[in-house]
Amino acid sequence: MIRLRIRIATCRPLPEPDADEAPLAEALAAGGFDAQLLAWDDPSVDWDAPIPTVIRSTWNYARKVDEFLAWVDRAARAAPLLNPPEVVRANVRKRYLLALAARGVPVVPTTLVERGATCDLSALGRIVIKPEVGAGSLGARTFADGRDPEAAAHLAALVAGGAALVQPYVDSVDDYGERSIIAIDGALSHAIRKSPRFSGQDERTDGPFPIAGDERAVATAALAAAGASDLLYGRVDLARAASGQPMVMELELVEPSLFFPRCPDAADRFVAGLRRRLS
């Protein structure tokens, strides 16, 4: 087997451990790859070298998104970048949720508040306020009532620097959980249950679980609507409305955790898909 040289993009220091790192490294070595783990924002790395790059744990990008997107373009000019730059650019800002809703995909109701704008929260109940560009729980907070002065203050602080999203809190995430549907090499792979997570909280997960039929349908529709149905990797985070309808909370196509330790063959399928794309 011909060994292929690639780069895996991360960041240093990682804001939290990457559980996918070790199983992916093992699968890459077994799959005939010579893989080097490098921080995307390390100025000593020659990203102009013609070596394919796979984006993985670039979890600090939200703090310097313009610099990150410039790096995406630079790496993609030199060699294949996965996921591709046009997908990354469309996905770094969560206003894509409005585009999905416009295409008929069930989405958690979302109000986009542009930079410097205001939004009346007083008629809202329990809400989530988050920045439009964010990774993990960065800047995301929940408030028991939209009339809470801290909710308005948090929104004002976010829109001082960029756009923000206001969403109702979806009660089902407290028991059924938020379901992350993992897509690898153009096919849905496995589902993980996550507990609600906001600024300063650790992520708690369990699974894998079978992908319910209605969740499969919504995840497939979201990926197709985003033009992302045949990507190397992706993740659709879902929650159930009071009616039971699955709704998209986030469509993660840049640097999502794929929960390889919870589905042992998923990393191997990821590597097989990567080799097909690069061979």
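Residues numbered from 1 in each chain as written. Predicted model: local features only at pLDDT ≥ 70, side-chain atom pairs only at ≥ 80, totals over all residues. Heavy atoms only, no water.

Draft legend 1. Region of the structure containing the pairing of strand E6 (residues 127–131). Counting buried residues along E6, five of its five residues qualify, which places the element largely inside the surrounding structure. With burial as the criterion, each face of E6 is covered, one bearing Ile127, Ile129 and Pro131 and the other bearing Val128 and Lys130. With five bridges connecting them, E6 and strand E8 (residues 164–168) associate as antiparallel partners. Bridge assignment links Ile127 to a residue of E8, and that residue is Pro168. (Buried < 20%, exposed > 50% of the residue type's maximum accessible area, 1.4 Å probe, protein only. Helix = DSSP H or I, 4+ residues; strand = E, 2+ residues; numbered from the N terminus. Pairing = 2+ DSSP bridges.)

Draft legend 2. Spotlight on the pattern of salt bridges. For the structure shown, the criterion picks out 22 salt bridges. Here Asp145 and Arg147 are joined by a salt bridge, their closest N and O atoms 2.8 Å apart. Looking at Arg147, the relative accessible area reads 60%, which means it is exposed. The shortest N-O distance in the salt bridge between Arg193 and Asp206 comes to 2.6 Å. You can see Arg193 sitting in strand E10 (residues 187–194) and its partner Asp206 sitting in strand E11 (residues 205–209), a full 13 residues away along the chain. Asp206 gets classed as partly exposed once you look at its relative accessible area, which sits at 27%. Salt bridges here are not isolated pairs; linked through shared partners, they connect Glu178, Lys194, Arg235 and Asp237. (Salt bridge = Lys/Arg side-chain N within 4 Å of Asp/Glu carboxyl O.)

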